[in-house]
Amino acid sequence: MSIKEEKVRYVARLARIKLTDEEVSLFSRQLDGILGYVDKLNQKLGEQSRIPPTNHPHTASNPFRADEVKPSLKSEAALANAPQKRGDFFKVPRIIEE
Amino acid sequence: MAYEPVIGLEVHVQLKTVSKMFCGCATGFGGAPNSHTCPVCLGFPGALPVLNQRALTGSIRVAVAVGCKISDKITFHRKNYFYPDLPKDYQISQYDEPLSEHGHLKIKISGGEKTIRIKRVHMEEDAGKLIHEEGGDSSFVDFNRSGMPLLEIVSEPDINSPEEAYRYLTDLKLLLRYLDVSDCDMEKGSLRCDANISIRKKGETGLGTKAEVKNMNSFKAVKSALEFEFERQVKRLETGERIVQETRLWDPDREITVSMRSKEEAHDYRYFPEPDLVPFMLQNDLIEMERKNLPELPGARKARFASAFGLPEYDAEVLTQEKETADYFEECLGFYDKPKIISNWLMGDVSGYLNAKNLSVRNSKLRPQGLAGLLKEVDSGKISGKMAKDIIIEMLDTGEDAGVIISEKGLAQISDSGELDKVSEEVIAENRKTAEDFLKGKDNALMFLVGQVMKRTKGKANPAVVNRILRDKLTKKQGEEDA
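Fair warning: this is a prediction, and the values are worked out from it, not measured in the lab.

1. Looking at the interface of chain B and chain A
Okay, so step 1: On the side of chain A, 31 residues touch chain B, which itself brings 42 residues to the contact.
Okay, so step 2: Going through the elements one at a time, strand 2 (51-52), helix 1 (53-65), strand 9 (129-132), strand 10 (138-142) and strand 17 (280-281) of chain B are the ones with two or more residues in the side of chain B that touches chain A.
Okay, so step 3: In terms of residue count, strand 10 of chain B provides more of the side of chain B that touches chain A than any other element does, five residues in total.
Okay, so step 4: Among the residues making up the side of chain B that touches chain A, the classes are represented as 22 nonpolar, 14 polar and six charged.
Okay, so step 5: Alignment of strand 3 (residues 89-93) of chain A against strand 10 of chain B, held across four bridges, turns out to be antiparallel. Directly across from V92 of chain A, in strand 10 of chain B, lies its bridge partner S139 of chain B.

The following block contains the structure:
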């Protein structure tokens, strides 16, 4: 598997990250190297010993929370870091639905 | 060429919990904007989600009720996209290891039942709410809804008419309300539905290009939108045009669907495992407990009402449309053992009153024991059925016992023959001519005399008793005269 520059640009656009041409070429080479290494591991291990994807390194299981209400933040606290607000609302540039 | 629609529905319901899915913020409606928020549901860096156990058990209950296979390992994924109502820039949802898959729901269609397969039932969190300023250049965000627990129920494309879609939704809602996992109130947004629809020539089995239809705010709107969309797609194919895969919005005012401006690129959510939540290993006993605790489901209850109580199918269906009504009916039966009579009253006068006042039977003041008491008074002849119709309104208004209302208002029917005897004598004496008419064979004449007695007793006389007394007196008189 190899990573083309085109792919890097696409993923950067999805993640809203602005990359310079130099960065695109650098990251393509680096990611290509990482994925190449994974390919090599797969070849070495062979199909039989394929390891299932690890969702999580922790072995903790089922940490639940009882359905109980805990105090929320005060509106002022919730809005304290908002770049823009009006009343108790966060204010954002107008979003056009259609 | 005849076409048929092929429809799949995605239903989101808000689970009935007191706190959100991954944090302790309250789920109740009506708080000031952003007053039910915390670092978790606002997506502050470093805040960690912890799963609400009741959201999980409620989800399992639904999965069990629709016969889904429940996965023993449950993982959550991040669905990544950018929108101002999504504070973390991803939604915690489920992807390739959902809670459950491969279930089904039986729906009623004309002439029988149809099985709609259910592809999957999975959990996810809700986004916040955006409010748009009319004509302004800003939008406003309220994150009170952010992180509310949702259950997504996805059907296979087994639905072949807008009518069937309507039925599916009605039956699914009924089931969910029986399971007590959601209010399923579309107006409040606790149930939402999107539809995928394509068309094909009748008899074919392949799938055509589908359109996704959104923005329907009632079951009726879903039906109308699907009807419109079916026509639109048929017209396109018949005029040699292609169907484009797209999302369309239902416009309830114009009653049409409108294409959403197509995005530059197809959705690519880059799902990946949510690293903040470890996988859940579902123990069998948790699933078995939900299975064991399943209430009697609507279809089974309807069948039982018909067979055990001898109710007509129509009554059984109406009474089981709401779990609450069905429970109420059964409680009434505990005090009064005539199912059909209770059914008549509940479906007739009681439901008429409740509909007019927009109340449910539990919110009314009429108790099952009270209704039973009233019906016993009718059976004993103390009051007439007609009187009972007035009394029940009073009972619904005030919650008073029938006996109390009857004596307070002096409503008791006069069945005492001593008193009726006297009045009957008077009436016969004052209506000689009519009395003779009766004796000559005019049956209507007796009805007139009964009417006169009723009038004198202000409607309180028991008509059957009056009828008997008059008949006796008149024939006796005739006997005396003949002798």
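2. So, the domain arrangement of chain B
The parts lose accessible area when they come together, and the size of an interface is often stated as this lost area.
Residue and element names in this part refer to chain B.
Okay, so step 1: The domains assigned to chain B are domain 1 (3-289), domain 2 (296-408) and domain 3 (417-482).
Okay, so step 2: Once you take the C-alpha centre of each, domain 1 and domain 2 turn out to be 37 Å apart.
Okay, so step 3: Listed by partner, the interface residues are six residues for domain 1 and five residues for domain 2.
Okay, so step 4: In the side of domain 1 that touches domain 2, the residues fall into four nonpolar, no polar and two charged.

3. Section: the sheet that holds strand 2 (residues 85-86) of chain A
Adjacent strands of a sheet form backbone hydrogen bonds with each other and so pair up, either parallel or antiparallel.
Okay, so step 1: Taken in spatial order, the four strands line up as 2(A)-3(A)-10(B)-9(B) in an open sheet, and their pairing is antiparallel. The open sheet has two edge strands, strand 2 of chain A together with strand 9 of chain B, and neither has a second partner.
Okay, so step 2: As paired elements, strand 2 of chain A and strand 3 of chain A share two bridges and run antiparallel to each other. Bridge pairing links K85 of chain A to F90 of chain A in strand 3 of chain A.

4. A closer look at helix 5 (residues 298-309) of chain B
The periodicity of an α-helix, 3.6 residues per turn, causes residues three or four positions apart to be oriented the same way.
Okay, so step 1: Its 12 residues give helix 5 of chain B an end-to-end C-alpha distance of 16 Å, which sits within 8% of 16 Å, the value for a rise of 1.5 Å per residue.
Okay, so step 2: Downstream of helix 5 of chain B by one or two residues, G310 of chain B has phi in the positive range, about 65°.

5. Regarding the sheet that holds strand 6 (residues 90-93) of chain B
Residues and elements named next belong to chain B.
Okay, so step 1: In spatial order, the strands read 6-5-16; together these three strands make up an open sheet with antiparallel pairing. The open sheet is flanked by strand 6 and strand 16 (272-273), the only strands paired with a single partner.
Okay, so step 2: The pairing of strand 5 (residues 77-80) with strand 16 spans two bridges and is antiparallel. Bridged to H77 within strand 16 is P273.

6. Quick look at the pairing of strand 1 (residues 3-14) of chain B
Residues and elements named next belong to chain B.
Okay, so step 1: The pairing of strand 1 with strand 12 (residues 191-201) spans 11 bridges and is antiparallel. For E4, the partnering residue across the bridge sits in strand 12 and is R200.
Okay, so step 2: Note that strand 1 and strand 11 (residues 149-155) share five bridges and pair antiparallel. Counterpart to H12 in the pairing with strand 11 is E152.

Each value, and the rule that gives it
Residues numbered from 1 in each chain as written. Chains lettered and ligands numbered in written order. Predicted model: local features only at pLDDT ≥ 70, side-chain atom pairs only at ≥ 80, totals over all residues. Contact = placed C-beta atoms within 7 Å. Helix = DSSP H or I, 4+ residues; strand = E, 2+ residues; numbered from the N terminus. Nonpolar A, V, L, I, M, F, W, Y, C, P; charged D, E, K, R; others polar. Pairing = 2+ DSSP bridges. Domains from an automatic or database assignment. Expected span 1.5 Å × (residues − 1).

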